[in-house]
Amino acid sequence: NAGVTQTPKFRVLKTGQSMTLLCAQDMNHEYMYWYRQDPGMGLRLIHYSVGEGTTAKGEVPDGYNVSRLKKQNFLLGLESAAPSQTSVYFCASSGVGSGANVLTFGAGSRLTVL
Amino acid sequence: QKEVEQDPGPLSVPEGAIVSLNCTYSNSAFQYFMWYRQYSRKGPELLMYTYSSGNKEDGRFTAQVDKSSKYISLFIRDSQPSDSATYLCAMIESGGSYIPTFGRGTSLIVHP
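Residues numbered from 1 in each chain as written. Chains lettered and ligands numbered in written order. Predicted model: local features only at pLDDT ≥ 70, side-chain atom pairs only at ≥ 80, totals over all residues. Heavy atoms only, no water.

Novice: Sorry if this is basic, but what is going on with the overall build of chain A here?
Specialist: The secondary structure content of chain A amounts to zero helices and eleven strands. In chain A, the succession of α and β elements from N to C terminus is β-β-β-β-β-β-β-β-β-β-β. Along the three orthogonal principal directions, the C-alpha set of chain A runs to about 40 × 30 × 25 Å. The burial tally for chain A puts 48% of its 114 residues in the buried class. In chain A, once contacts between residues fewer than 6 apart in sequence are set aside, the share between residues at least 24 apart is 54%. Counting only carbon and sulfur atoms, one obtains 54% of the accessible surface of chain A, whose full area is about 5,200 Å². (Helix = DSSP H or I, 4+ residues; strand = E, 2+ residues; numbered from the N terminus. Buried < 20%, exposed > 50% of the residue type's maximum accessible area, 1.4 Å probe, protein only. Contact = heavy atoms within 4.5 Å. Areas by Shrake-Rupley, 256 points an atom, 1.4 Å probe, with all protein chains shown as cover.)

Novice: Please clarify how the sheet that holds strand β1 (residues 4-7) of chain A should be interpreted in this entry.
Specialist: Pairing between sheet strands relies on hydrogen bonds along the backbone, with the strands arranged either parallel or antiparallel. All names here are of chain A. Taken in spatial order, the four strands of this open sheet run β1-β3-β8-β7, and their pairing is antiparallel. Each of the sheet's edge strands pairs with one partner strand only, and the pair in question is β1 and β7 (65-67). Going across the sheet, the axis of each strand differs from the next one's by a mean of 20°, ignoring polarity. Bridge count between β1 and strand β3 (residues 19-25): four bridges; the pairing is antiparallel. The residue bridging Gln6 from the neighbouring strand is Cys23, located in β3. (Pairing = 2+ DSSP bridges. Axes fitted to C-alpha atoms, helices over the stretch in contact; angles between N-to-C directions.)

Novice: How do you make sense of empty space enclosed by the protein when you look at a structure like this?
Specialist: Over the atoms, a rolled probe matching the size of one water molecule traces out where space is still vacant. All names here are of chain B. Counted according to the given criterion, the structure contains one cavity of 30 Å³ or more. Reported here for the largest cavity is a volume of approximately 40 Å³. Contributions of two or more residues to the lining of the largest cavity are made by β4 (30-38), β5 (45-51), β7 (61-66) and β8 (71-76). In the lining of the largest cavity, the residues fall into eight nonpolar, three polar and no charged. (1 Å grid on protein atoms, 1.4 Å probe; cavity = no way out; pocket = protein on both sides within 12 Å on 5 of 7 lines; lining within 4 Å. Points joined across faces, edges and corners; volume = space filled by probe spheres on them. Nonpolar A, V, L, I, M, F, W, Y, C, P; charged D, E, K, R; others polar.)

Novice: Looking at this model, I keep getting lost on the pattern of salt bridges. Mind explaining?
Specialist: It is possible for side chains of opposite charge to pair when their charged atoms get near one another. Applying the stated criterion across every chain yields a total of six salt bridges over all chains. Across the pair Arg37 of chain B and Glu45 of chain B runs a salt bridge whose closest N-O atoms are separated by 3.3 Å. When its relative accessible area of 15% is taken as the criterion, Arg37 of chain B is described as buried. On the accessibility criterion, Glu45 of chain B (35% relative accessible area) is partly exposed. The structure contains a network of salt bridges with shared partners spanning Arg36, Asp38 and Arg44 of chain A. (Salt bridge = Lys/Arg side-chain N within 4 Å of Asp/Glu carboxyl O.)

Novice: What exactly am I supposed to notice about the state of the cysteines here?
Specialist: By definition, a disulfide is the covalent link that joins the sulfur atoms of two cysteine residues. Residues and elements named next belong to chain A. Per the stated rule, a full pass over the model turns up two disulfides over all chains. Between the sulfur atoms of Cys23 and its disulfide partner Cys91 the distance amounts to 1.9 Å. Its torsion about the S-S bond being -75°, the disulfide of Cys23 and Cys91 is classed as left-handed. On the criterion of sequence distance, the pair formed by Cys23 in strand β3 and Cys91 in strand β9 (residues 87-94) is long-range, its members being 68 residues apart. For Cys23, a relative accessible area of 0% translates into the label buried. (Disulfide = S-S within 2.5 Å.)

Spelled out as structure tokens, the structure:
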């Protein structure tokens, strides 16, 4: 059982380039999330989705876009990367009801913007 | 002020010590309380989950919730070097969006 899989694991971009991070989950979870984690800042929610075709803004959405065209996939896009977006990005998913309280995280995607 | 406050540490203890990790919060609507453990260069994983007040024990780990003081704790008995990690508390409102609010995490180092 793979759980939550993030690709790519590492990426180096130049300022202004675009890229997409892919998150895939095989647990039939309704909820999916994208977080960024920076030293001393903890986990900050970028965007989330409560079901296929839905997305919502989190705490730090600026500079990012997301899409959830299929229930198992949640894509995070950077249209014009900036050095401030250098971070480790984590995707997570959770079920509904009492299962919504427990997040399963991916292994992370480390992004460096030069 | 963040809704959930957590001392980032690092907290350094000798092997075998009892460790106490804590979070305070301001939102009285929080009803679900979690502790996640994150090893270096890995994603967080759920360690303990508690609903409302009280204690929950799982092996060497005990989670405690004091809603009157808006304070939660994670105790680790007989700490091991393998417990060295960052511990994040997380909380969810009852009847809300189920979106968790995380603390910033406490870095724990258990040295042999």
